[in-house]
Amino acid sequence: MNAPTTRRLTVAQALVEFLAHQYTERDGRRHRLITACWGIFGHGNVAGLGQALLESGAASHQGETPGPPALPYLQGRNEQAMVHAAVGYARQCDRLSAQAVTTSIGPGATNLVTGAALATVNRLPVLLLPGDVFATRPADPVLQQLEVPSAGDISVNDALRPVSRYFDRVTRPEALIPAALQAMRVLADPVDTGAVTLALPQDVQAEAYDWPVEFFADRVWRVPRPAPDADALADAVRAVRAARRPLVVAGGGVHHSEAEDALCAFADATGIPVASTQAGKGSLRHDHPADVGGIGHTGTATADALAREADLVIGVGTRYTDFTTASSTLFAEPGVRFVNLNIASFDAHKLGAASLVADARAGLEALTKELSGHRVDAEYESAYRAAKAGWERRVDAAYAAEDASARPSQTQVLGALDALVDDTDVIINAAGSLPGDLHKLWRARSRRQYHLEYGYSCMGYEIPAAIGVRLAAPDRPVWALVGDGTYLMNPTEIVTAVQEGINITLVLIQNHGYASIGGLSQATGGERFGTDYRFRAEDGTYTGAPLPVDLAANAASLGMQVLRAATVGELRAALAEARGANRPTCVYVETETADTVPGAPEAQAWWDVPVAETATRPAAVAAREAYDRHTAGRRRHL
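Given the structure is predicted, the values throughout are model-derived calculations rather than measurements. (Residues numbered from 1 in each chain as written. Predicted model: local features only at pLDDT ≥ 70, side-chain atom pairs only at ≥ 80, totals over all residues. Heavy atoms only, no water.)

Q: How should I be thinking about the nonpolar core in this particular structure?
A: Soluble globular proteins tend to bury their nonpolar side chains together. Ranked by internal contacts, the top residues of the largest apolar core, which has 51 residues, are Ile 295 and Phe 331. No other element matches the five residues that helix H8 (residues 230-242) contributes to this core. Ranked by size, the runner-up nonpolar core spans 48 residues in total, among them Ala 119, Ala 430, Ile 467 and Ile 504. (Core = buried A, V, L, I, M, F, W, Y, C linked by side-chain atoms within 4.5 Å. Buried < 20%, exposed > 50% of the residue type's maximum accessible area, 1.4 Å probe, protein only. Helix = DSSP H or I, 4+ residues; strand = E, 2+ residues; numbered from the N terminus.)

In structure tokens, the structure reads:
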């Protein structure tokens, strides 16, 4: 008897079955591409994808589904947060595995937009499966439908188009086949990856179709390591050999490619110093002689001084954001040139660079081979190593807290954590004043310890991302570092961590407002307007007493174990207890607000935030004068 050539399933059932058979493969190692689906259900997906996930999961538990397990379901509380969790998971998995997110129509779908933008900006894969309005339009409009008088084929899901690397609306069952295949292609492609959206009309989700069985066969999406073009490689080698003060800028592409060992070998062989972006920090261990720390507006004095004097900048897997380039003022040497190694041609050609379009690991290995015997001048190497040692003394001073009975500063909180963690811990942050302190001060011990989302710098990312990281790496201690402003944006997934027993640790720092933006406001003449969490004063400004908000009590009410720390000594004890805890735990600490890195200016490099050209208040007038001085240093690298 011949085997059946088709299977009759709904569109939702077919999609779930299809996703369970998708894999990536790199370096001979195979990974499940979509490992789970986050979801909040409503009328747009409850009877479609919801039913399919229920049926598939029940069948797998009963041993009725051959081959790989069905698609596990994860319950979230906020749609944006579910995307953040999936993004944290994908980053920890080096983009070789990802997760899906399903929502209903209407606000459930539009809540995905911020998370989708974050994923796409950071080049991290996530599959979005929002419900959509009826394709057949038996009732028009339905609940939560956006009516556009000039176009009948638009829904709120179209808001996801500009923030998705691939978007399709599946209006017929058979259209799922090409749409699903294109979605997997983009998710697995290191050049094109980001948020992928398949909008699923609610009637189509529940419609049955006879699917070819080949659609459900195991499918492997190979992630290649393209080597650099021979001529481009030769040009790059000549540029390196001719340079007297070269500098490597390591970006997130080093981590995504698992190129850390290759970068270490390159630095060992050539003596070229390595600075890192927020995404690239940890590409070298902090104690490697060539690691000179973060670069740019939040960088170290050592790295930024080297950048100003570099005659050749070798970018590896970096997008060159304005924080990295100090808004095009940092690379100041008149004759500076760039060599960019990047898997994406779009990034490799930035700053008028000689481009090496290749995988980061393959490109570094090729460069190291072709540069055999070449090394920077011993005097240059000795000078940057001495500067690195000097910066480490500043870090020690920032971390030092001799009085254990005093209230800690924010940098002393980092110092207490630094003294506790080992190579296995993961530190997660995204917004506020912490990214600057972490980029300058944190001593990254392993390739995935430093997890800063600074492409989109999205408040509310940290807690759900910590859940995603812990799902990807269940044996690693995971710390979400959160200020009070960020916490108030998105604490909902604490409930998810408690429900699932996902053992994350939240370090909640209370400084009564938006500390980072407060500092920026002061620097740009805004006088910290609207940045403090305080009662209104008699003059109408928010300069009264601090608000009596108890965020620790809030975290406890959501199910977390909470440890309060009022002093440096209590903080050290609380962090140690939290690291050994077997349940989600929050360490709550109120910090001193005045906090700078000892012996260093507040900003080692400029950041362009335009200041009012005409103003009457003295602070704004002075800030504009400083702004005009800085803009004179901007340049285009052509």
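Q: Got a minute to help me understand the pairing of strand E9 (residues 195-201) in this structure?
A: Regular strands place side chains that alternate from one sheet face to the opposite one. Along E9, seven of the seven residues are buried, which leaves the element largely enclosed by surrounding structure. Burial along E9 is two-sided: Ala 195, Thr 197, Ala 199 and Pro 201 facing one way and Val 196, Leu 198 and Leu 200 facing the other are all buried. The sheet contact formed by strand E7 (residues 126-132) and E9 spans five bridges and is parallel. Residue Leu 128 lies in a different strand from E9, and its bridge partner there is Thr 197. Sheet topology places strand E8 (residues 166-169) next to E9; four bridges connect them, and they run parallel. Following the sheet pairing, Phe 167 is matched in E9 by Thr 197. The handedness of the E8 to E9 crossover, carried by helix H6 (residues 176-188), is right-handed. (Pairing = 2+ DSSP bridges. Right-handed = clockwise from strand over helix to strand, strands pointing away.)

Q: What is the right way to look at the side chain of Arg 624 in this model?
A: Considering the arrangement of structural elements, one finds Arg 624 in helix H24 (residues 618-631). Overall, the relative accessible area of 17% leaves Arg 624 in the buried class. When sequence neighbours within four positions are dropped, the list of residues in contact with Arg 624 reads Val 611, Ala 612 and Glu 613. (Contact = heavy atoms within 4.5 Å.)

Q: Hey, could you run me through the sheet that holds strand E19 (residues 450-452) in this one?
A: The strands that make up a sheet are held in pairs by hydrogen bonds between backbone atoms, and each pair lies either parallel or antiparallel. Across the sheet, six strands lie side by side as E19-E18-E20-E21-E23-E22; this open sheet has parallel pairing. Either end of the sheet is taken by a strand with one partner, and the two such strands are E19 and strand E22 (561-565). Along the sheet, successive strands turn relative to each other by an average axial angle of 20°, direction set aside. As paired strands, strand E18 (residues 426-429) and E19 are joined by three bridges and run parallel to one another. (Axes fitted to C-alpha atoms, helices over the stretch in contact; angles between N-to-C directions.)

Q: Whenever I open this one, the pattern of salt bridges confuses me. Can you help?
A: Two side chains that carry opposite charge are able to pair once their charged atoms sit near each other. Applying the stated rule across the entire model yields 37 salt bridges. The shortest N-O distance in the salt bridge between Glu 381 and Arg 385 comes to 3.0 Å. Linking Glu 381 with Arg 385, this pair stays in helix H15 (residues 378-399), spanning four residues, or about one helical turn. Connected via shared salt-bridge partners are Arg 26, Asp 27, Arg 29, Arg 225, Glu 258, Asp 359 and Arg 361. (Salt bridge = Lys/Arg side-chain N within 4 Å of Asp/Glu carboxyl O.)

Q: Looking at this structure, I do not really get the sheet that holds E7. What am I missing?
A: Read across the open sheet, the six strands follow the order E5-E4-E6-E7-E9-E8; overall the sheet is parallel. The open sheet has two edge strands with one neighbour each: strand E5 (73-75) and E8. Averaged over all neighbouring strand pairs, the angle between strand axes comes to 20°, with direction disregarded. Taken strand by strand, H6 contacts strand E4 (34-39), E7, E8 and E9, and its axis lies near 160° from that of E9.

Q: Sorry if this is basic, but what is going on with the packing of helix H16 (residues 410-418) against helix H23 (residues 568-579) here?
A: Packed helices, taken two at a time, are described by the angle between their axes plus the distance between the axes. Relative orientation of the contacting elements H16 and H23 amounts to 40°, with a least axis distance of 10 Å. Taken together, the axis directions place H16 and H23 in an arrangement best described as oblique. Considering the relative orientation of H16 and H23, their crossing is right-handed. Across from Gln 412, Val 413, Ala 416 and Leu 417 in H16, the residues of H23 making contact are Val 568, Leu 571, Arg 572 and Leu 575. Partitioning the contact of H16 with H23 into residue classes produces six nonpolar, one polar and one charged. (Parallel < 35°, antiparallel > 145°, perpendicular 65-115°, else oblique. Left-handed = near helix turned anticlockwise from the far one by under 90°. Nonpolar A, V, L, I, M, F, W, Y, C, P; charged D, E, K, R; others polar.)

Q: Would you take a moment to explain the packing of aromatic side chains for this structure?
A: Any two aromatic rings considered together are summarised by their centre-to-centre distance and by the angle between their planes. The tally for this structure, following the rule as stated, stands at 11 aromatic pairs. Consider the rings of Phe 323 and Tyr 454, whose centres lie 5.2 Å apart with planes at 70°: the pair is edge-to-face. Separated by 131 residues along the polypeptide, Phe 323 in helix H12 (residues 322-325) and Tyr 454 in the loop between E19 and helix H18 (462-472) bring together distant segments of the chain. Each member of the aromatic cluster is reached from another via a ring pair, and the members are Phe 18, Tyr 209, Trp 211, Phe 215 and Phe 216. Across the ring face of Phe 216, the terminal group of Arg 7 is positioned such that the distance to the ring centre comes to 5.2 Å. The ring of Tyr 450 has Lys 281 lying over it, and the distance from NZ or CZ to the ring centre is 5.6 Å. (Phe/Tyr/Trp six-rings, centres within 6.5 Å; stacked < 30°, edge-to-face > 60°. Lys NZ or Arg CZ within 6 Å of the ring centre and 35° of its normal.)

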